[in-house]
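Residue-level structural notes
Listed below are the residues making up each chain.
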Amino acid sequence: MAALDIFRAETRVWLEANCPASMRTPMPTDEGSSGGLRAEYKNPETKLWLDRMSAKGWTTPTWPAEYGGGGLGKDEAMVLEEEMRAIGCRSPLSGMGISMLGPVLLEYGTEAQRVEHLPAIIKGEIRWCQGYSEPGAGSDLAGLQTRAVLQGDHYLVNGHKIWTSNAHLSDKIFCLVRTDPAAKKHEGISFLLIDMAWEGVRARPITLISGYSVFCETFLENVRVPAGNLVGENNKGWTIAKRLLEHERKGIGGIGAPGAPTADKPVYVIAKDAVGEVDGKIADPALRNQISVQLMNTHAFQLTRRRAAEASEAGQPPGPMSAMFKYYATELNKTRYEAVLAAGGDQMLGWEGDEYDPNHLRNTREWLRSKANTIEGGTSEVQLNIIAKRVLGLPD
Amino acid sequence: MALVLNSEAQLVRDSALEFFADKSPVLMLRKLRDSRDADGFSRPLWREMADLGWTGFLVPEAHGGSEFGMVGLGQVLEAAGRTLAATPLLSTALIAASAIDLAGNEAQKQKYFPGLVSGDSIFALALEEGAHHNPNRIATTAKRDGDGFVLDGAKRFVIDGHVANQLIVVARTSGGQNDRNGITLFMVPADAAGVAITRSAMIDSRNAARVTLAGVRVGADAVLGRIDGGADPLEAVLDRARAGLAAEMLGSSSEAFERTVQYLKDRKQFGVAIGSFQALKHRAAQMFCEVEVTRSAVTAALAALDENANDASLLASLAKAKASDTAYLTGNEGVQMHGGIGMTDEHEIGFFMKRARVAQAMFGDAAFHRDRYAALTGY
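Residues numbered from 1 in each chain as written. Chains lettered and ligands numbered in written order. Predicted model: local features only at pLDDT ≥ 70, side-chain atom pairs only at ≥ 80, totals over all residues.

Brief notes about the overall build of chain A
Within chain A, the regular secondary structure consists of 11 helices and 10 strands. Whereas a compact globule of 396 residues would reach a radius of gyration of roughly 21 Å, chain A reaches 22 Å, a difference of no more than 12%. Once the C-alpha set of chain A is aligned to its principal axes, its extents read approximately 75 × 55 × 50 Å. Relative to all contacts within chain A whose residues are 6 or more apart in sequence, the contacts with residues 24 or more apart total 68%. (Helix = DSSP H or I, 4+ residues; strand = E, 2+ residues; numbered from the N terminus. Rg over C-alpha atoms; globule rule 2.2 N^0.38 Å. Contact = placed C-beta atoms within 7 Å.)

In structure tokens form, the structure reads like this:
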């Protein structure tokens, strides 16, 4: 038997023995695991699953084993993913440590930084958040003003970050700061790692149109950051920032993909329940057409993601199409929730209360949440600029 | 199902792109149009295509073909779409080859495949009767007459109808006007008594015709497939036609889009390239996305048809709907972004918009296929 087949057989046996029953069911939105010192586990099996997977390094299958990662090759990681999907395993751990900071530390971090941070990310012990945007620096991220002044063995940091996702639940934050205000705006930026527990760091949740508070403002007042917490070179943080954004967009581009949390039933079932059916068709032809447009675009986009994955497996360079994923996925996700709202009618207009189905209430809040998709991680307009410049070669 | 081409399909693609760029640029279509060419396509070029084996891609090896399949033929059609090449590829190499292969008996295969593969025979599917694609609404009748049948009716939008040697006529042998049952396919020689064919001059300068059948007598051996059971093979043939046409449209859309982006770089106004204006950049970037997404749908449909996958019909409708919407977008944005020059007959961008409009309607427009996608999905 080929080595990969042996790995598959062993993986199947291990998952069967170790994945708790409730971790093989679709994940409710409030049972995700992002780890961290302040994590609360509504379902104790979430923690059990996290511990078993992280002990094998399979929360980060391809990270090097020397830091506690799985040390798997690309082929083995794909086998693991396939075997997990086959029995419906939930992802044991998510968050910005895994999806964004880890890959950046592996590429740009010092050995000391990797040893300090990677094992804690892999085990889900430390939760990270992202200190990028500022009130005056949104799409123009490089216009950020948070100052870091090197004073001997530490930086003194002062500034105001915004849209720091889950900062109030996070243990640490990776921040872009200005270390040279005299340089051109892209050339005076550095990348710092800061502990949320340090004196002078304060997070305040922001209530959004959805009623959720997943984003915060984070204030940094005279925070002393050891110089060893600089990632990469001083004033060279923009390169790292861009690299990390690529990882972020890849993550957001996964929205609406198979396996992502979806409405509790297909949108056409919601529509049939709400407006009735004639000969098996949704009785309202305009609504039916809206749903077809949405589902067909989603179908074609999923095929595009698969085409990109197959090209990458075949060893072809990532085609220009990868530049479109963030833009297309997020615009699609908005039309998806618009279709859900259109289908449900006034049942989807509830804010809270017992007279509304809890699934409908959740869909309505997710509809509002989806509006952020085309703003966060680079707006749709910024994404179109990137495609126009890098892919189409249109002039500035 | 592979969404990335294997090396054989890539080879076909490369040679087809080169072939059409060299031998059949858009200028060729203009010449055929301006000279009011009686055939509307180049017979010597068609012979070369047959020699390259493209006519035999869907024909079994036992009958002189290569069985290379829809993915391969899709590459050729896409390349043909890039230069708006007028060829009988769709009518003959795709539709007729499929109909004869899927519905025909051994004697019919032996009778028709040699001429089809060699390029000597051109075939045309005489299906449509109304202004909109509707394969079940057939009023053309075929009444039993001794051992054979007598056909009466009127067909329109018959692709390559006036150059065809053989018509594949969709007629009703029983049932009401919208019944799926009772449809039968007939092989009718174009020169049979009672067949009248009139060429239709359409906006895309490609070949189509109206066909009337008045007391046309055919023998029992003219029946292709089962009597009353023509709807199923017809649907399978149409799904291939939709995916193949979607591939052609993808080629035309890609070309129109790339030419438009080039124009945005070349054309200067207010002292700068107009491609520096964000209002145009964003629309160009959106077109890029739609072309890429369409490519995935088309490739998936072609591959699914080759594999007889369960979702082949669903994917054929997805491909045709996306290709239609994208062709509309690239054609109209192409003309708009070219400005005044785009309105002139001298410039070629208008050819792409006109072809797109015809191809959109052919074998079901985007609305038809959204409806079909919904029905196949169960809503």
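Side note on the overall build of chain B
Along the backbone of chain B there are 11 helices and 10 strands. Overall size of chain B, expressed as C-alpha extent along the three principal axes, is 80 × 50 × 40 Å. The buried share among the 379 residues of chain B stands at 55%. Sequence separation of 24 or more characterises 75% of the internal contacts of chain B that already satisfy a separation of 6 or more. (Buried ≥ 20, exposed ≤ 12 C-beta atoms within 10 Å, placed from the backbone.)

Some points on the domain arrangement of chain B
Residue and element names in this part refer to chain B. On domain assignment, one finds that chain B holds domain 1 (7-121), domain 2 (125-230) and domain 3 (232-377). Taken together, the 17 residues of domain 1 in the interface contact 14 residues of domain 2. Listed by contribution, the elements that provide at least two residues to the side of domain 1 that touches domain 2 are α2 (26-34) and α5 (89-103). (Domains from an automatic or database assignment.)

Details of the interface of chain B and chain A
Residue-level contacts link 30 residues of chain B with 34 residues of chain A. If you list the elements that add at least two residues to the side of chain B that touches chain A, you get α7 (231-266), α8 (278-306), α9 (312-338) and α11 (366-377) of chain B. Here the side of chain B that touches chain A is composed, by residue class, of 18 nonpolar, seven polar and five charged. (Nonpolar A, V, L, I, M, F, W, Y, C, P; charged D, E, K, R; others polar.)

So, the packing of helix α8 (residues 285-313) of chain A against α9 of chain B
Closest axis-to-axis distance for the α8 of chain A/α9 of chain B pair is 10 Å, and the angle between their directions is 100 degrees. Considered as vectors, α8 of chain A and α9 of chain B are oriented roughly perpendicular to each other. Across the interface between the two elements, Met 296, His 299 and Ala 300 of chain A of α8 of chain A pack against Leu 318, Ala 321 and Lys 322 of chain B of α9 of chain B. Looking at the contact of α8 of chain A with α9 of chain B, its residues break down into four nonpolar, one polar and one charged. (Axes fitted to C-alpha atoms, helices over the stretch in contact; angles between N-to-C directions. Parallel < 35°, antiparallel > 145°, perpendicular 65-115°, else oblique.)

With respect to the domain arrangement of chain A
Residue and element names in this part refer to chain A. Domain assignment breaks chain A into domain 1 (3-94), domain 2 (128-237) and domain 3 (253-391). Facing six residues of domain 2, the contacting portion of domain 3 comprises six residues. Here the residues of the side of domain 2 that touches domain 3 are counted per class, giving three nonpolar, three polar and no charged.

Observations regarding the nonpolar core
Core analysis: the largest hydrophobic core is formed by 165 residues, its most contacted members being Ile 168, Phe 186 and Ala 301 of chain B. A total of 17 residues in this core trace back to one element, the largest contributor, which is α7 of chain B. If sequence neighbours within four positions are ignored, Ala 301 of chain B has contacts with Ala 243, Ala 246, Leu 315, Ala 316, Leu 318 and Ala 319 of chain B. Counting residues in hydrophobic clusters, the runner-up holds 58 residues, among them Leu 15, Trp 63, Leu 192 and Val 225 of chain A. (Core = buried A, V, L, I, M, F, W, Y, C linked by C-beta atoms within 7 Å.)

Some words on unusual backbone geometry
All names here are of chain B. A positive phi angle, near 55 degrees, is found at Phe 157, a position not held by glycine. Phi at Asp 160 is positive, roughly 65 degrees, even though this residue is not glycine. The residue Asp 160 is located in the loop between β3 (148-159) and β4 (166-172) in this model.

With respect to the pairing of strand β7 (residues 207-218) of chain B
All names here are of chain B. Inspection of the sheet shows β3 paired to β7 by eight bridges, in the antiparallel sense. Of the residues in β7, the one forming a bridge with Val 150 is Arg 217. Bridge count for strand β6 (residues 195-201) against β7 is seven bridges, and the pairing is antiparallel. Along β7, the bridge assignment pairs Ile 197 with Val 211. Where β6 folds back onto β7 in an antiparallel hairpin, the turn is made up of five residues, including Ser 205, whose phi is positive at roughly 60 degrees. (Pairing = 2+ DSSP bridges.)

Observations regarding helix α5 (residues 111-122) of chain A
Residue and element names in this part refer to chain A. Its 12 residues give α5 an end-to-end C-alpha distance of 16 Å, which sits within 8% of 16 Å, the value for a rise of 1.5 Å per residue. Along its buried surface, α5 packs onto α2 (44-55) and α4 (96-108). Following α5 by one or two positions, Gly 124 has its phi on the positive side, about 75 degrees. (Expected span 1.5 Å × (residues − 1).)

Digging into the environment of Ser 91 of chain A
Relative to the assigned elements, Ser 91 of chain A resides in the loop between α3 (74-86) and α4. C-alpha separation for the pair Ser 91 of chain A and Met 53 of chain A, spaced 38 residues apart in sequence, amounts to 9.6 Å.

Section: the environment of Ala 171 of chain B
All names here are of chain B. Tracing the backbone through its elements, the reader meets Ala 171 in strand β4. Taking the C-beta count within 10 Å as the criterion, Ala 171 has 27 such neighbours and is therefore assigned buried. A C-alpha to C-alpha distance of 13 Å links Ala 171 and Ala 214, two positions 43 residues apart in sequence. Excluding anything up to four places from it in sequence, Ala 171 contacts Ile 138, Thr 140, Thr 141, Ala 142, Leu 151, Gly 153, Thr 184 and Phe 186.

Quick look at the packing of α7 of chain B against α8 of chain B
All names here are of chain B. Axis separation between α7 and α8 bottoms out at 9 Å; the angle between their running directions is 155 degrees. One finds that α7 runs roughly antiparallel with respect to α8. Note on packing geometry: the crossing formed by α7 with α8 is left-handed. Of α8, the residues touching α7 (which contributes Asp 239, Arg 240, Ala 243, Ala 246, Ala 247, Leu 250, Ser 253, Ser 254, Phe 257, Val 261 and Leu 264) are Leu 280, Ala 284, Met 287, Val 291, Thr 294, Arg 295, Val 298, Ala 301, Leu 302 and Leu 305. In terms of residue class, the contact of α7 with α8 is made up of 15 nonpolar, three polar and three charged. (Left-handed = near helix turned anticlockwise from the far one by under 90°.)

Focus: the pairing of β3 of chain B
All names here are of chain B. Two elements, strand β2 (residues 141-145) and β3, share five bridges in a ladder whose sense is antiparallel. When the bridges of β3 are listed, Arg 144 appears paired with Phe 149. The hairpin formed by β2 and β3 contains two residues between the paired strands, and Gly 146 there has a positive phi angle of roughly 65 degrees.

What to know about α2 of chain A
Within an α-helix, residues lying three or four positions from one another point in the same direction, as the helix has 3.6 residues per turn. Residue and element names in this part refer to chain A. Its 12 residues place the ends of α2 17 Å apart at the C-alpha level, agreeing with the 16 Å of an ideal helix rising 1.5 Å per residue. Considered for burial, the residues of α2 that qualify are Thr 46, Trp 49, Leu 50, Met 53 and Ser 54. Projected onto a plane normal to the axis of α2, the buried residues spread over an arc of 120 degrees and lie on a single side. Elements that come into contact with the buried residues of α2 comprise α5. (Arc of directions from axis to C-beta.)

A few points about the environment of Ala 316 of chain B
Among the secondary structure elements, Ala 316 of chain B is positioned in helix α9. When the C-alpha atoms of Ala 316 of chain B and Phe 288 of chain B are compared, they prove to be 22 Å apart, with 28 residues separating the residues in sequence.

Remarks on the confidence of the model for chain A
Per-chain confidence: chain A averages 92 in pLDDT, with 95% of residues scoring 70 or above. In the model, residues 255-262 of chain A has pLDDT below 50 throughout and makes 16 contacts with residues more than four positions away in sequence or in other chains. (pLDDT = per-residue confidence, 0-100.)

Describing the confidence of the model for chain B
Mean pLDDT over chain B works out to 97, with 100% of the residues at or above the 70 mark. Quick note on the complex model: pTM equals 0.90, ipTM equals 0.96.

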